[in-house]
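Fold and contact review
Residue-level listing of the chains:
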Amino acid sequence: MKTSKLNIALLGNPNSGKSSLFNHLTGLRQHVSNFPGVTVDKKSGTILLENGVEANIIDFPGTYSVYPNSSEEKIVINILTDKNNDNYPDLVIYVADATQLERHLLFATQIIDLGLPMIFVLNMIDLISEQGDILDIKPLEKYLGVKVIPVSVRNNEHLDSLTHEISAGAQQIKGLENPIKYVFTDVENFVATRIQKNLSTTSLYTAKVIAHHYKWLSHIDEEQKNKIKTITEQSAFNDLNLQVRETMDRYNHFAPVVRETIKVAKREKKSLTDKIDDIITHRFWGPIIFFAIMFLMFQSIYSWSSVPMDLIETGFAEVGILLTNSLPAGWWTDLLVNGLLAGLGGVLVFVPQIAVLFLLISLLEESGYMSRAVYMFDIVMRKFGMNGRSMVALISSGACAIPAIMSTRTISDPKERLITILVSPLISCSARLPVYAVLVGFVVADTDVLGIFNMQGLVFMGLYLLGIVGALVSALVFKAILKSENNSFLMIELPNYKPPLWKNVLLTVKEKVTSFVVEAGKIIVLISIALWFLASYGPGNDLEEATTNAQNISIEKKLSEQEKDNLIASYKIEASYIGHLGQWIEPAIKPLGFDWKMGIAILTSFAAREVFVGTMATIYSIGSDNDEQTLRQKMASEKRPGTEINVYNPATSLSLLVFYVFAMQCMSTLAIVKRETNTWKWPIIQFVFMSVLAYVGSFIVYQLMT
Amino acid sequence: MSSERTLLSLLPGESAFIEKLDVGISTCKLLNLGVLPKAKVTMVRKAPFGGAYYIKLDGHQLAVRTEEAATIILENQI
């Protein structure tokens, strides 16, 4: 079904400034959805034409040519060869970088041959005059046969006339009368003519493109696929050679046009980008600078987001108290406060970290640094079945795996991307810190070694290293197991450095935060409610008995009101479903040195790891005021039933720490993995392998130490 | 064809003209990125841990892997 609204497509190569133009044209009237059936982002919005009519505008993924190399490019070609597609454009706005005109013309001439009406936007003309080059658009307009509009999106030059031209172009859409830009060989002509007859495609060139890609085009049915297969095989249609021939032929035709359009002035020997790259991609300094930048990024994520995170946490706690006090007591108030509100808080508390991380990542991306990092670390990451781009994701995981996993979309090879997604949560994230902080004191004393190192600091570092080693080893295993489609390549542009456009950066941050809150939020809130239920209810009348017991003991021991409440809470969680579950799994976790109380903490930690501290506080009935000092004292005096052995001895504590290093205890991450891989298969596999790793790791540690 | 000189034979700082590309899966992508016959290519540097090269073409820069660079055949005279 095609809507009556006009569909305008923004097309162009990556780095053409296409998205900046999209942001300019739509402002905040844009939203992100998926192209049907795939997880490729579809950014669309509306623009108001001069005659008062609204038109849809879609920002298609950056594409180099009709012969695609990535899944994103394939989506574009699938749509452009299918005139019945919902997203098939009525008008194309093609954006090209004037300083890279020759390369960017390739796809433009192909789109014209597909029979699509076009307005050609020549972007970045400010750089042309800066370089002292002379621009004359007439030869280009004559060659293409479409309107050419020189603009600079960055400097807001000529953008008004662009809006005017779009309105004019949208009013009288017409295909081009001028002949096709590419002259077919006999084989191509024969094949394309026959396919065009079968499919009644818009143009002969569309038929040729279908001849190249029919195998994966979703709008070609099986019967037609067989027909096309026969046609191409009978006429010895050589896919690869003809792609290369066409591309070469196009370049040969427009090369002279490019020389007429832009008269290039003499260049300085070394551009600013060259000078920057001499240092930043230097064989020795490059990696050092990279790690320094990553270190600063990591620090900023911690320091900038800690205040808003605390505010969100205390804010939700305050609202919870307010609601508890003002609403009549009952199960639904409890559900609202401890289930729904807690779940919501659990989602929103990550927003500052995600916002800061994406702010910094998109700054690096916009400025052009990211592709340098990809270039430098490609070989290292390939050894582990990943890609240069995985480096960024793995380091981001040190703050939080969620934005890290969201950032893997830039990896074009499906296998490399999947491995990166699967191993990222093994890097110790900030949520593990409170757990480490509580437990590390039970493993080693707070003493100095060799006068400079702190023992606890060393154990901390060891835990982080264990996570990194775990991630890399798992990556190697997945590399060996997973099938490869062999789509792996580097071939990446290293664009000239430029100051980032704030509008683009902020819109990216807004988009990522919204998609996290909406998509992951739904699942997190559901699981929180389930956990609330398990912790608030118990089989039969166990809970009532536990409460009565606790009350009797309080009276016997003459406890204060506060102590009494804490004791009741402690007895209640023991009698609840989750308490039963903890006792039920105790035999399974005994070889790791854990008792049922730790079992409960591990189960509730599934919501998020930092819940460990709160759960322990409830179990040891010190109230859930999250005071780590009080909790530690209480835990330190805990003895095994009937013995004088400390429960939290070094062996148990280290075992528990190792468990937290490896275990997948974060439903938000699982939710985001489900979203990014579009199936429950991978989050389940991830949960299983990380649990096995955690179990085996803890088992070895505990058995070796006892 | 063993006498063919590929991009890999250039030392950092050296330039040459491209004669042709060995047709394979990476050819179209290289052409899309402006690696064209008759174009001048400069080897800028090798990646810190190897495996990839920073190359410069007319007005823009690219990174290519060793396998990809091996398909870029250079003209013999500089």
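Residues numbered from 1 in each chain as written. Chains lettered and ligands numbered in written order. Predicted model: local features only at pLDDT ≥ 70, side-chain atom pairs only at ≥ 80, totals over all residues.

Description of the overall build of chain B
Check the secondary structure of chain B and you find two helices and six strands. Its helices and strands taken in sequence order, chain B reads β-β-α-β-β-β-α-β from the N to the C terminus. Against the 2.2 N^0.38 benchmark of 12 Å for 78 residues, chain B shows a C-alpha radius of gyration of 11 Å, consistent with a compact globule. The C-alpha extent of chain B, read off along each of the three principal axes, is 30 × 25 × 25 Å. Buried positions account for 44% of the 78 residues belonging to chain B. Nonlocal contacts in chain B, meaning residues at least 24 apart in sequence, comprise 54% of its contacts between residues at least 6 apart. (Helix = DSSP H or I, 4+ residues; strand = E, 2+ residues; numbered from the N terminus. Rg over C-alpha atoms; globule rule 2.2 N^0.38 Å. Buried ≥ 20, exposed ≤ 12 C-beta atoms within 10 Å, placed from the backbone. Contact = placed C-beta atoms within 7 Å.)

Considerations on the overall build of chain A
Within chain A one finds 30 helices and twelve strands. In terms of principal-axis extent, the alpha carbons of chain A reach across some 100 × 60 × 50 Å.

Side note on helix H9 (residues 222–234) of chain A
Structurally, the α-helix is built with 3.6 residues per turn, so residues lying three or four positions apart point the same way. If you check H9 of chain A, its first and last C-alpha atoms are 18 Å apart, about what 13 residues at 1.5 Å a residue would give, namely 18 Å. One or two steps after H9 of chain A, the chain reaches Ala-236 of chain A, where phi turns positive at roughly 50°. (Expected span 1.5 Å × (residues − 1).)

Points about the sheet that holds strand S1 (residues 5–6) of chain B
Backbone hydrogen bonds hold the strands of a sheet together, and the pairing may be parallel or antiparallel. Taking strand neighbours across the sheet as the criterion, the seven strands line up as S12(A)-S5(B)-S4(B)-S3(B)-S2(B)-S6(B)-S1(B) in an open arrangement whose pairing is antiparallel. Looking at strand neighbours, the two that pair on one side only are strand S12 (492–494) of chain A together with S1 of chain B, the edges of this open sheet. In this structure, strand S4 (residues 52–57) of chain B lies alongside strand S5 (residues 60–65) of chain B, joined through six bridges in antiparallel fashion. Considered in S5 of chain B, the bridge of Leu-57 of chain B is made with His-60 of chain B. The sheet contacts of helix H15 (residues 369–383) of chain A involve S12 of chain A together with S4 and S5 of chain B, and relative to S12 of chain A the element is tilted by about 130°. (Pairing = 2+ DSSP bridges. Axes fitted to C-alpha atoms, helices over the stretch in contact; angles between N-to-C directions.)

Quick notes on the pairing of strand S3 (residues 40–46) of chain B
Relative to S3 of chain B, strand S2 (residues 15–21) of chain B runs antiparallel, the two being bridged by three bridges. Along S3 of chain B, the bridge assignment pairs Ala-16 of chain B with Val-41 of chain B.

Observations concerning the interface of chain B and chain A
On the chain A side, the residues contacting the 28 residues of chain B number 31 residues. Elements with a contribution of two residues or more to the side of chain B that touches chain A: helix H1 (27–32), S3, S4 and S5 of chain B. When its residues are assigned to classes, the side of chain B that touches chain A shows 14 nonpolar, nine polar and five charged. Bridge count between S12 of chain A and S5 of chain B: three bridges; the pairing is antiparallel. Its bridge partner being in S5 of chain B, Glu-493 of chain A is matched across the sheet by Leu-62 of chain B. (Nonpolar A, V, L, I, M, F, W, Y, C, P; charged D, E, K, R; others polar.)

Digging into the packing of helix H19 (residues 433–443) of chain A against helix H20 (residues 455–481) of chain A
All names here are of chain A. Between H19 and H20, the least distance of the axes is 10 Å, while the angle of their chain directions is 120°. When the interaxial angle is binned, H19 and H20 end up oblique. In this structure, H19 meets H20 at a crossing whose hand is right-handed. Residues Tyr-436, Val-440, Gly-441 and Val-443 of H19 pack against Gln-456, Val-459, Phe-460 and Leu-463 of H20. Looking at the contact of H19 with H20, its residues break down into six nonpolar, two polar and no charged. (Parallel < 35°, antiparallel > 145°, perpendicular 65-115°, else oblique. Left-handed = near helix turned anticlockwise from the far one by under 90°.)

Regarding the sheet that holds strand S3 (residues 41–48) of chain A
Residue and element names in this part refer to chain A. With mixed pairing, the seven strands of this open sheet are ordered in space as S2-S3-S4-S1-S5-S6-S8. Strand pairing shows two members of the sheet lacking a second neighbour, strand S2 (30–34) and strand S8 (147–150), which therefore form its edges. Neighbour to neighbour, the strand axes of the sheet diverge by 25° on average, direction disregarded. Bridge analysis of S2 against S3 gives five bridges, and the strand direction is antiparallel.

Things to note about the environment of Glu-365 of chain A
Among the secondary structure elements, Glu-365 of chain A is positioned in helix H14 (residues 351–367). For the pair formed by Glu-365 of chain A and Ile-672 of chain A, sequence separation is 307 residues and the distance between their alpha carbons is 22 Å.

Some words on the confidence of the model for chain B
Per-residue pLDDT for chain B has a mean of 91; in total, 94% of the residues score no lower than 70. In the predicted complex, the global pTM is 0.83; the interface-specific ipTM is 0.95. (pLDDT = per-residue confidence, 0-100.)

Quick notes on the environment of Glu-68 of chain B
Structurally, Glu-68 of chain B can be placed in helix H2 (residues 66–69). Separated by 44 residues in the primary sequence, Glu-68 of chain B and Gly-24 of chain B place their C-alpha atoms 9.5 Å from one another. Setting aside anything within four residues of it in sequence, one finds Glu-68 of chain B in contact with Phe-489, Leu-490 and Met-491 of chain A together with Ser-26 and Leu-30 of chain B.

Topic: the environment of Leu-657 of chain A
All names here are of chain A. Mapped onto the elements, Leu-657 comes out in helix H28 (residues 650–662). Classification of Leu-657 as buried rests on a count of 25 C-beta atoms within 10 Å. Separated by 140 residues in the primary sequence, Leu-657 and Val-517 have C-alpha atoms spaced 30 Å apart. Contact partners of Leu-657, with chain neighbours within four places excluded, come to Tyr-436, Leu-439, Val-443 and Leu-463.

Digging into the packing of helix H3 (residues 101–113) of chain A against helix H10 (residues 239–261) of chain A
All names here are of chain A. Where H3 contacts H10, the axes come no closer than 9 Å and their chain directions differ by 125°. Overall, the two elements H3 and H10 adopt an arrangement that is oblique. The element H3 and its partner H10 pack so that their crossing is right-handed. Listed contacts from H10 to Leu-101, Glu-102, Leu-105, Leu-106 and Thr-109 of H3 are Thr-247, Arg-250, Tyr-251, Phe-254, Ala-255, Val-258 and Thr-261. Looking at side-chain class alone, the contact of H3 with H10 contains seven nonpolar, three polar and two charged residues.

Remarks on unusual backbone geometry
In this structure, Asn-678 of chain A is a non-glycine residue whose phi angle is positive, near 65°. Counting through the fold element by element, Asn-678 of chain A comes out in the loop between helix H29 (667–677) and helix H30 (681–705). On the basis of neighbour count, Asn-678 of chain A is assigned to the exposed category, with 12 C-beta atoms found within 10 Å. Positive phi outside glycine occurs at Lys-38 of chain B, with the angle close to 80°. With respect to the helices and strands, the residue Lys-38 of chain B is situated in the loop between H1 and S3. Note on Lys-38 of chain B: 12 C-beta atoms within 10 Å, which makes it exposed.

Describing the pairing of strand S4 (residues 54–59) of chain A
Residue and element names in this part refer to chain A. Of the strand pairs in this sheet, strand S1 (residues 6–12) and S4 are connected by five bridges, and their pairing is parallel. Paired with Ile-8 across the two strands is Ile-57, which belongs to S4. Once S3 ends, the chain turns through five residues before running back antiparallel as S4, passing Gly-52 with a positive phi of about 85°.

Focus on the nonpolar core
Within the largest apolar cluster, 202 residues are counted, with the highest numbers of intra-cluster contacts made by Tyr-94, Ala-96, Ile-111, Phe-120, Val-121 and Ile-402 of chain A together with Ala-63 of chain B. Excluding its chain neighbours within four sequence positions, the residues that come into contact with Phe-120 of chain A are Tyr-94, Ala-96, Ala-108, Leu-144, Val-146, Lys-147 and Val-148 of chain A. Counting residues in each nonpolar core, the second largest holds five residues, with Leu-543, Ala-546, Ala-550 and Tyr-571 of chain A among its members. (Core = buried A, V, L, I, M, F, W, Y, C linked by C-beta atoms within 7 Å.)

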